[in-house]
Amino acid sequence: MSRESFGDAVPTTLDLQGLRIASPQTMGAVRIVPLVRERFLAGAAPGAPGSPDAPRDLRIAMRDYGDSLAVVEVGGGTPGGLGLKYMSFVPHGFIVSYTTDGSPVAAQGASFGPTSETKPGRFVRLMHRMVKQEPGEGATSRFRMLPLHLAMEGLLALHFNGPDILWSEYSQQAIRRGLDPRTERTVRGTWLPGLEEALRTFEIVPAQVGVLLFIADALACAFVVPHPDDYRRLHGSLLDDFFGDLLRSYAILYPHTPPALAALDGAGVTTLDELAGRVERVRADWRAYTKLLATGLLDREVRVERVRAMGPFRLERFVPVFDRDVECHLGERIVRDDGTLEYLKTYRMSAAQVRRAYLLDQLAAAAWNMELAAETLHTTVTGLAQRLVAAGFGYLLKPAVLQTLPRTKRR
Amino acid sequence: MTTAHERVAREDLLTFVSACFASTGQREFYSDSRGQGVSIGFLHEYVLGNYRALYARVLACGINDYNQAEIIFRLLASGRLVAPEHRAEEGALLLRAIERLPPQRAMRLLERLAEARVNNRRTRAIVRRYLGEARERELWAVKYRRRFRVAAAHVHLPFDGELGSLFVAGWRERAYTTPLFESFRRAHFAEAAIYELPYSIAEGLARKHGVPREVFLRKIEPRMTNLERLRLQDSTREALGISLAFDPGRLSPTRLASYVLSLPRAEREARRRELTSALEASSARAVRRTNARFGRVACVLDRSWSASGSSEKRRRPLAVALATSCFVRAAAVESRGFWTYPTPDELLVEAVGQTDLVTPLLEAMAWRPDLVIIVSDGFDNDPPGTAGELLAIARAKGLCPFTLHVNPVFDDVSLGPKPLGAAVPTMGIRDAEDLPTAIAFGQFANGGATLAELTTALGARVAHFLGARQDAA
């Protein structure tokens, strides 16, 4: 059952290559910034987005699973034995179609309707792998993926094997089964007050392929797809995605986004052309403002792990370098060979999740030696043990160690 | 010297008139019907409480039917509070306004009065006169028979002639001499008789007789009104294979624009000549009706996604924009439309994309018009809020002529149509034909006219409104 994520990850930074930031639209606590793909911009007339010669060799469509729990097998088991599984609410999956020779993908828009996967199970749906090959057509290859699950599973499986040296502090369970079972809690988009209304009233821009979604001016997620038509269909799926519970608190506490204003400066203007120039400056101000708000995601160092190679594209997932003082986003993306971002979906971790991941990172860096790790964290072994317990990892420690910890007040 | 009280009164009144053009209490793109109802209801209560005489005079401004009915109801319900010197004018306005309402709306108003148990002497007199003098009384008695009966009983209007046996004794008892009543009676027993009734009554009886939909629609067709034919375009096409012919020339430009926008793109292209000429004819007639004359006019028209309206007002803002464009073209010496996304063909326009009012505004100003009309719901978001600032600067620097923002959408949060900054006046609008009125009021808002001037203008409208009645009588 060894399946750790980000074992051989490469550090890199995220950027929005091939995309342009448009003007934000604000509704209540939610600010949505459209992302427009430059290659569709040239011929972008409303009603018919995308010029006919624009590449259509990668498309994403949605498969609806209805409201149901699913058990997803992620593999890693012995042949014939039990593999690793996780259980989650799975409202929809994405069907990614691509060709490796640059030709347009076949039959996009056809229904990816009932398959054995969409049949309702008796209690829970059983799914095989997060990314699963599906029958393609002609030059078109196809696979189904569960959006954000790749990234989230990456977080869950981080240092999943547990201590590899038998330090005396760790419990039998930690040594035998690693971090299993590992859980994280997230919030569904429909639970965020105001998000539904904001998505409903959002005006999709021609050539738009994605959004940056802010709640109370905190970046909640970034979502990018390859083609404007795909985005139109998937716009509503944001409501079924999961978000960190921190964002739910933000949405409740700050029902109105703090007003931001890029003022139009009319001083010294005498002609309409000058005025038009000033308007361009306002647009640039908004772009800069959005970039500023998104610094937690863009230009941050992340660890990237390749999940699947698909011709000129590669499907990757990434986690940030965990830092408790700044916002941390994990996610998954599809990148074209030339670096163009074709698909991106991110998740903003809550503070507790960052704390847990940070602790695990430090422990793993110290080869699970608690003394060493405590030293890097500027604390004592007892202190570290207390932090592990507080983070929900008490089950990794021996009962004898837990008993020596000073009693904390319990309510 | 304008006192603060006068300034506030002027602003309140303009806000209220503006709201009365736009608001219908229905769901809008950005707000639900509950919010709309609460918000416009508050405005009514506020103006009624503070400026009762002016409140009644607003009836003469050509505001929409929903708000006329609201005003009539509130005035009748609070008849005790009217000042003696205003009593006669208010009474005349009420009677005239209720006569001008479409019958279905008037009947609903009468029923509401009965429900609220408003039964003062003036109400009884007005309702009796309205029901007693109705030209199509027999038709109404059948078509709106429940409301007619409730209202008539409420004001003790005697059921004279055969009305009594229709409403009181029960229609099963005898044969009627009034042909419509007799058809109505027979239609309960014989299928053939239902085709002599108005469509809306026949529809229920057809169901009772189990008449197949396509048979019913084919046979009732001659009895349908123009608007019923328009409303049933889709269902007749489904049932009969062809949609019923209706006379587009008799529709107002906005209603016609709504119809055009409801058609799929391909059909609009196929029927281009017919639709274009219908829009032109309808606009020309509306211009004749309103006596509108413009010089060189630039229209900045919002076709963003929010112009798609709501489930209750489908594409209404977009239809108003399209109709305004047609209306201005018919009324102006020279005109040009600047859409938020340039559209090569106005007939094929669709609601799409963000609201970028800045780019078309700059283009419009560069064209050097002598009047700029902006049709938008006021939510400009590309870049957010810049259109208002741009207008303020351009007006201050003299780069822009008189500009009026007409807004077909009532925003419940700002208690009125959402403005585009303080530099240009914003007026609510229901139909494109309201444009001359909106311009007249917009000039009051813009020029900082005094309350006295506004009252005088209102007085002239009242005289015209009431005068038209005496001519008709």
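Calculation rules
- Residues numbered from 1 in each chain as written.
- Chains lettered and ligands numbered in written order.
- Predicted model: local features only at pLDDT ≥ 70, side-chain atom pairs only at ≥ 80, totals over all residues.
- Helix = DSSP H or I, 4+ residues; strand = E, 2+ residues; numbered from the N terminus.
- Rg over C-alpha atoms; globule rule 2.2 N^0.38 Å.
- Buried ≥ 20, exposed ≤ 12 C-beta atoms within 10 Å, placed from the backbone.
- Contact = placed C-beta atoms within 7 Å.
- Pairing = 2+ DSSP bridges.
- Domains from an automatic or database assignment.
- Core = buried A, V, L, I, M, F, W, Y, C linked by C-beta atoms within 7 Å.

K.L.:
Explain the overall build of chain A to me, please; I cannot follow it from the model alone.
P.N.:
Per the secondary structure count, chain A includes 11 helices and 19 strands. Taking 2.2 N^0.38 as the reference for a compact globule, 411 residues should give roughly 22 Å; the C-alpha atoms of chain A span a radius of gyration of 23 Å, in line with that estimate. Over its C-alpha atoms, taken along the principal directions, chain A stretches across nearly 80 × 60 × 40 Å. For chain A, with 411 residues in total, the buried portion stands at 41%. For chain A, long-range pairs separated by at least 24 residues make up 66% of all intrachain contacts whose partners lie at least 6 apart in sequence.

K.L.:
Would you take a moment to explain the pairing of strand S16 (residues 301–310) of chain A for this structure?
P.N.:
The two faces of a sheet get side chains in turn, since along a regular strand they alternate between them. Residue and element names in this part refer to chain A. Bridge count for strand S1 (residues 10–13) against S16 is 4 bridges, and the pairing is antiparallel. Looking at the pairing, Pro11 lines up with Arg303 of S16. Two strands pair when backbone bridges link them, and S16 and strand S17 (residues 313–320) are joined in this way by 8 bridges, in the antiparallel orientation. By the bridge assignment, Arg306 is partnered in S17 with Glu316. In textbook terms, the turn of a hairpin is the stretch between consecutive antiparallel strands, and for S16 and S17 this stretch comprises 2 residues, one of which, Gly311, has a positive phi near 60°.

K.L.:
Before we go on, may I ask you to explain the domain arrangement of chain B in this structure?
P.N.:
In many analyses, interface size is given as the accessible surface area lost on bringing the parts together. Under the domain assignment, chain B is made up of domain 1 (175–246) and domain 2 (253–447). In this structure, domain 1 of chain B and domain 2 of chain B have C-alpha centres spaced 39 Å apart.

K.L.:
Mind showing me how you'd approach the nonpolar core here?
P.N.:
Most often, soluble globular proteins have nonpolar side chains that are buried together. Grouped together as the largest cluster of nonpolar side chains are 136 residues, with contacts concentrated most on Val17, Val58, Val300 and Phe327 of chain B. Looking at this core, you find at least three residues from each of domain 1 (175–246) and domain 2 (253–447) of chain B. Filtering out sequence-adjacent residues up to four positions away, Val300 of chain B remains in contact with Phe338, Leu357, Pro360, Leu361, Ala364, Val372 and Ile374 of chain B. Of all hydrophobic cores here, the second largest spans 100 residues; its members include Leu156, Leu212, Leu238 and Leu388 of chain A.

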